[in-house]
Amino acid sequence: MSDSGQPPRSKARRTAAKSNVKSKANARVYAQMFDKDRLRIARQYAAIRKIDLARVVGLTPSALTQIETGTVKPKTATLMSLALALGFPIEHFIADGHRAPVVTESGRSFFRSLRSTRQIDRDQAEAQAILSNEVLRGLEAFVKLPPCDLPSSLFLPEDASFEAVELAAEKLRSIWNIPNGPIANVVRLLESHGVAVTKSGSACAEVDSFSKWFDERPLVVLRAEKDDLPRLRFDAAHELGHLVLHSDIEPANRVLEQQAHRFAAALLMPRREIRALLPSGFHLREYGQLKGVWGVSIQALLYRARDLGQMSDATYRRAMMSLSSQGLRRNEPFPLRGEEEPMLWRRALEVVESRGVSVRDFEKRLRLPSGFLSMVASTGKDQRPRINL
């Protein structure tokens, strides 16, 4: 609490407050142009429940529900309070002729296990994806983004064999002309073929990487773990597996998750190239050297060695037990050095700036909270609004 007894405001909320004061004269008009979907997205992005937001802005939960469902339009003062509380400019909440309707459910989403993830955290992650797609649509007015050329010929049924998954990964490497050997940068590979990749701004460790289609372009949101490069690379390949293998998926479908996992292993460690390199016994230093070459974890290499018949089940179990007993499963030795940062956003924003529009002005044009572009482009810390309840 501050000396005045009021809860401190984040940078995003202070910026929103200034913007909203300037917009006060237009607030009555904005209230009539209110877009209920944008309120829901803003609330989910801020990770606040309806009951808590209602209390912050002085409404009953039922009154807020009526506003969010579009049963009633908010009063002018209420709309301004909502914008301030959520850290969004008031212009975000209106529908007008200057932008297309927000896209919320245009394509399939691929979420992993839901049991350990709270609904509010999943909603926050999906809201980030929806807002990121708004950025992509805005960028396309300035920049020609790489076309999406994910093949549709590799879709597999749920009962597909692991051999079919292996073949799909091999076919994709051939279709995309991926050179033999390790993939230097998985994120760049996805971006070069029209997949937008960003990192999650969520502070919740249980929110895993996921992917979502918007119209003709998919978006991959990776869990940001700066000290786990192998995990980030494997997650990116896993989500690519969903995008090229599955025309649809139910959340937490274990069979399709296993297919995506097998696809990632086959893409990153092609059997024809790596099989003979995998030792049949577990020698930590040897597997550490392979980790440095192929850019995957020791555990992924061990799993691959067992799957390809280079290592027996018994040896695999002993290897994993050895790693566990030494505390090396969560903190593997031989850390990788390198970078897998998304570049599509940064380069596109550079083009926008070269045309005389600053990043801050572009953010205002898109009616996004302060700091969102910095977060989605991985150029700075997340400045998502924090609400003091």
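Residues numbered from 1 in each chain as written. Predicted model: local features only at pLDDT ≥ 70, side-chain atom pairs only at ≥ 80, totals over all residues. Heavy atoms only, no water.

Novice: For this particular structure, what's the right way to read the overall build of the protein chain?
Specialist: From N to C terminus, the protein chain includes 18 helices and four strands. Here the analysis covers contacts within the protein chain between residues at least 6 apart in sequence; of these, 76% occur between residues at least 24 apart. Just so you have it, the protein chain exposes about 18,400 Å², and 50% of that area is on carbon and sulfur atoms. (Helix = DSSP H or I, 4+ residues; strand = E, 2+ residues; numbered from the N terminus. Contact = heavy atoms within 4.5 Å. Areas by Shrake-Rupley, 256 points an atom, 1.4 Å probe, with all protein chains shown as cover.)

Novice: Please explain helix α10 (residues 229-245) as it appears in this structure.
Specialist: Taking 1.5 Å of rise per residue, 17 residues should cover 24 Å, and α10 covers 24 Å from first to last C-alpha, within 8% of that figure. Within α10, 16 of the 17 residues are buried, which leaves the element mostly enclosed by the surrounding structure. If you check the start of α10, you find a side-chain oxygen 3.1 Å away from the backbone N of R231, and it comes from D228. (Expected span 1.5 Å × (residues − 1). Buried < 20%, exposed > 50% of the residue type's maximum accessible area, 1.4 Å probe, protein only. Polar contact = N/O pair within 3.5 Å; in protein donor to acceptor, adjacent residues only side chain to side chain.)

Novice: Would you explain the nonpolar core in this entry?
Specialist: One recurring pattern in soluble globular proteins: nonpolar side chains tend to sit buried together. Counting residues in each nonpolar core, the largest one holds 56 residues, and the members touching the most others are L86, F93, V135, W345 and F362. Among the elements that line this core, the one with the most residues is helix α7 (residues 119-139), at eight residues. Grouped together as the second largest cluster of nonpolar side chains are 51 residues, A236, L267, I274 and W294 included. (Core = buried A, V, L, I, M, F, W, Y, C linked by side-chain atoms within 4.5 Å.)

Novice: How should the packing of helix α3 (residues 36-45) against helix α5 (residues 61-68) be read in this particular structure?
Specialist: For any two helices packed against each other, one specifies the inter-axial angle together with the distance between the axes. One way to put it is that α3 packs onto α5 with a least axis distance of 8 Å and a crossing angle of 125°. It follows that α3 is oblique to α5 by the angle criterion. Contacts from K36, L39, R40 and R43 of α3 reach α5 at L64, I67 and E68. Across the contact of α3 with α5, the residue classes tally to three nonpolar, no polar and four charged. (Axes fitted to C-alpha atoms, helices over the stretch in contact; angles between N-to-C directions. Parallel < 35°, antiparallel > 145°, perpendicular 65-115°, else oblique. Nonpolar A, V, L, I, M, F, W, Y, C, P; charged D, E, K, R; others polar.)

Novice: How do you make sense of the pattern of salt bridges when you look at a structure like this?
Specialist: Any two side chains of opposite charge can pair, so long as their charged atoms come close to each other. Tallied over the entire structure, the rule returns 24 salt bridges. For D35, the salt bridge is made with R38, and the minimal N-O distance between the two is 3.6 Å. For K36, the salt bridge identified is with D37, shortest N-O distance 3.4 Å. Note on D37: relative accessible area 24%, which makes it partly exposed. Here the salt bridges do not stand alone but share partners, grouping E163, E166, E170, R262, R271, R272, R304 and D307 into one network. (Salt bridge = Lys/Arg side-chain N within 4 Å of Asp/Glu carboxyl O.)

Novice: Can you help me understand the packing of aromatic side chains in this one?
Specialist: How two aromatic rings sit relative to each other is set out by the distance from centre to centre and by the angle between their planes. Scanning the entire structure with this criterion turns up six aromatic pairs. Plain terms: the ring middles of Y303 and Y316 are 6.1 Å apart, the flat faces sit at 80° to each other, and that makes the pair edge-to-face. Linking Y303 in helix α14 (residues 298-307) with Y316 in helix α15 (residues 313-325), this pair joins segments that are 13 residues apart in sequence. Classification of Y316 by relative accessible area gives buried; the value is 10%. Ring pairs connect the aromatic residues Y45, F88, F93 and F372, which therefore count as one cluster. Between K212 and the ring centre of F214, over which it is positioned, the NZ or CZ distance is 5.5 Å. R306 extends its terminal NZ or CZ atom over the ring of Y303, reaching a point 4.8 Å from the ring centre. (Phe/Tyr/Trp six-rings, centres within 6.5 Å; stacked < 30°, edge-to-face > 60°. Lys NZ or Arg CZ within 6 Å of the ring centre and 35° of its normal.)

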